[in-house]
Structures are given as C-alpha cells and as structure tokens.
Amino acid sequence: MVGVGTCFIPVSTPEKRAASPSSSAPTPKRKKTSTISMNSFLVHTSTNEKEALDIQVARMIFATNSVFNLVEHKEFIPLCNLLRPEYKPPSRLDVGNRLLDQVHEDVFATSKELVEGRTVSMELDGWSNIANEPIICASITTATGDTFLTETIDTQDEKHTANNLEKIALKAIEKAKDSLGCNVKSFVTDNAATMKKMRSLLEEDLPIITYPCSSHVADRLAKDIKIDGAIDDIITVAKHIRNTHQPGAWYKAAGGKKLPLPSEVRWNTVHDTLEGYITNYHALQYIAKTYKADMKPDIADKINDIQIKRTAEDYLARMKPVAVALDKLQSDTCHITDAVVIWKE
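As the structure is a prediction and not an experimental result, all values here were calculated from the model.

### Points about the pairing of strand S5 (residues 147-154)
Here strand S4 (residues 134-141) pairs with S5 via seven bridges, running antiparallel. In the strand pairing of S5, Ser139 is matched with Leu149. Where S4 folds back onto S5 in an antiparallel hairpin, the turn is made up of five residues, including Gly145, whose phi is positive at roughly 95°.

### What about the nonpolar core?
By size, the foremost hydrophobic cluster in this structure holds 26 residues, and its most contacted members are Ile234, Ile241, Tyr251, Leu274, Tyr277, Leu284 and Ile303. Contributions of two or more residues to this core are made by helix H8 (232-243), helix H9 (245-253), helix H10 (269-279), helix H11 (281-290), helix H12 (297-304) and helix H13 (306-329). With six residues, the top contributor of residues to this core is H13. Not counting residues within four places of it along the chain, the set of residues in contact with Tyr251 comprises Ile241, Gly256, Lys257, Leu259, Asn280, Ala283, Leu284 and Ile287. By size, the runner-up hydrophobic cluster in this structure holds 23 residues, among which are Val115, Ala169, Met195 and Met198.

### So, the state of the cysteines
A complete count under the given rule lists zero disulfides for this structure. There is no disulfide at Cys213, and the cysteine sulfur nearest it, in Cys334, is 9.7 Å away.

### Details of the packing of aromatic side chains
Tallying each qualifying case throughout the model produces three aromatic pairs. Arranged with centres 5.8 Å apart and planes meeting at 75°, the rings of Phe62 and Phe68 form a pair that is edge-to-face. The exposure class assigned to Phe62 is partly exposed, which follows from its relative accessible area of 24%. Where Tyr277 meets Tyr281, the ring centres are 5.9 Å apart and the plane angle is 55°; that geometry is what we call tilted.

### Observations concerning the confidence of the model for the protein
Across the protein, pLDDT averages 87, with 88% of residues at or above 70. Element-level pLDDT for the protein is lowest in strand S2 (residues 6-7), with a mean of 42, against a maximum mean of 95 in helix H4 (residues 92-115). Long-range and interchain partners of residues 1-20, a stretch whose pLDDT sits below 50, account for five contacts in this model, where long-range means more than four residues apart.

### Side note on the side chain of Asp54
Looking at where Asp54 falls in the secondary structure, it is placed in helix H2 (residues 47-63). Given the relative accessible area of 2%, Asp54 is considered buried.

### Some details on the sheet that holds S4
A sheet is described by the order of its strands in space; here five strands give the open sequence S5-S4-S3-S6-S7, paired in mixed fashion. The open sheet terminates on both sides in strands that have one partner only, identified here as S5 and strand S7 (209-212). On average, each strand axis in the sheet is inclined to that of its neighbour by 25°, with strand direction left out of account. The pairing of strand S3 (residues 119-128) with strand S6 (residues 183-189) spans five bridges and is classified as parallel. When the bridges of S6 are listed, Ser121 appears paired with Ser186.

Parameters and conventions
- Residues numbered from 1 in each chain as written.
- Predicted model: local features only at pLDDT ≥ 70, side-chain atom pairs only at ≥ 80, totals over all residues.
- Heavy atoms only, no water.
- Pairing = 2+ DSSP bridges.
- Helix = DSSP H or I, 4+ residues; strand = E, 2+ residues; numbered from the N terminus.
- Core = buried A, V, L, I, M, F, W, Y, C linked by side-chain atoms within 4.5 Å.
- Buried < 20%, exposed > 50% of the residue type's maximum accessible area, 1.4 Å probe, protein only.
- Contact = heavy atoms within 4.5 Å.
- Disulfide = S-S within 2.5 Å.
- Phe/Tyr/Trp six-rings, centres within 6.5 Å; stacked < 30°, edge-to-face > 60°.
- pLDDT = per-residue confidence, 0-100.
- Axes fitted to C-alpha atoms, helices over the stretch in contact; angles between N-to-C directions.

Now the structure itself:
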C-alpha cells in the first residue's frame, strides 16, 4: 500500500507465518512436564538398615564402656536425628539385652574363625570387677599376637588355693577347646606362690608347657632392688605440688612438667616417679628458693635436701635396666623368643 510520501509494507509476525498455509515448517510439539515425587527428597531407613545402625550404636557403647542409657540421653537423640532424620535409636533395654546378645554372638563367631584348629597359649589372672568382687579371667593368645578373652569366672567365697586354681584352669582349657576349637599347649600366670604351685600341678595332669609372666617377674625384680624410704619424700613433694593451687601454679610457671605418682596396679610407675622428680628438679628448686617464705617449711626443706635427690638418682640408676626391660616385655609385639633375649641382655 502506497501513501503520500510514505511507503507501507505489511510485515507478517512469526505467529502469522507459522499459521500460514503456505509455510512448510512443522508445528512444534509441547513438551510434557514430568511430575517429581517427594519420595526422592526423603531418606528412608529400611528394617535391615535400622538393625545395622542399632548394632553399630551398641558396639560403640560396649567398646567405650559407656552406660546403656546413653541412647536415651537428651543430646544423643538429636544427634541421631541430624545424621539420619528417620532413624530412631534403640532403647537402653534393647542395648542391654537383644543387642548385647547379638554383638556377643558376632564377636564370638569372628573369634572362632581366627582360632579354630590353631595352637594357642592361655593366660589366667585374678582381678576385681567394678563391684570389687573377686573374679578370674581366662584369655588365649595366638602365635600372631591376637588375644581373646574366653571367660570370666566368679569365684565368690572360694579361696584361691593352688588346687582350686587348677580346677578353674582345667575347665577353662576344656571350654576353649569345645567352644572355639583351639588347642591350649602353653599356660601363663603371674608368679604368685599359689599360681606357681598351680602351674606345677597342671604340668603333672596335662601335656602342657607352663611359665610365669615375664613382665610380672621383672616387676617383682624391681621391688627387690628398691631402696627403702627413697621415694617417700618425693611422693610427699609431688602430691603437694599437684594438689595445692599456688605451689602448683609457681611450679608450672617455672617450666615444671607433670610429676607422676606410683601406682600398685601399674608397672614402672616408681621409675616414672623418680625420673619425673629428677628431670624437673630445676623447677622444684627454683620455687623452693624463690617462694620459700610462702611455702610449707617441710616441703621446701625436702626439695632443698640434696641427699634426697642423690638417693633418687642412685635408685633410678639401679632400676633403669629393669624398667627398660619391663617396657619391652609388656609390649604387644613381644614373643617368648624376645623375652629370652631381653633377660639375657
């Protein structure tokens, strides 16, 4: 269409061109919208998965010696919800009954696979449980160093005589053979008089080799070479520094490290006490001189008594070879052949 001074040219829109009969372009098909299920956003816990989670929670509690009602703690349940929202942890009753039995069966089966048909050594030792009741523990050790607790025996009011201990040992050996399928060919105990007599009786009744625990023998030797009274004053000083706030702060500021104390149930602690005192003597002497007016007079006097230090050094020199041997003997990787070499040295 032509107007005055203007040229009008009609232009078709894309929609009009698509709709034109003369157009050969195909009409695009409308895509279908797929429906996404909400299930893909949810974490489901199947029955088998819950059982596996329950067992692992129980194993953690048993391995860490935690209380069974930890699973019902107000902070433990939210933790589980954060890790897996749909998971509900077991109750303390489940942990102490069903799951305890299940984990015991699993561990027992695994242990049996490792020792069945093998020759092992058995260890027997007396302990006290958390209720301070006397018990006897029996365990076995393989040639590769794997150790398994086979049973604990509640001896109640039965005296630990050599004859009674032999009866316990014979039953423990028989039980290990019947339940685990292993053969006990050597037997180890500490060197207490009743245990020593029991080992003699056992060798008379069975084709078995018995011997004392080398670590226990070394610990007895360390007690035989002690210097009476050499450590008493050191213990007094160490307890005062550890248990009294101000002297403890002075000692720490002077660069002093932790002062170990001896323990009857831990080997080499006398050695550690002597070594700790001598190693940190510079810090002790510094606070005894610097703060003498503010310290208990007897504590300062003991620290400044050079004879106490010299006696401790003599005692440590005597004990050092035994302490080094004891550390090697109680190593997890120490074998009988290693013990022979250690004693020879």
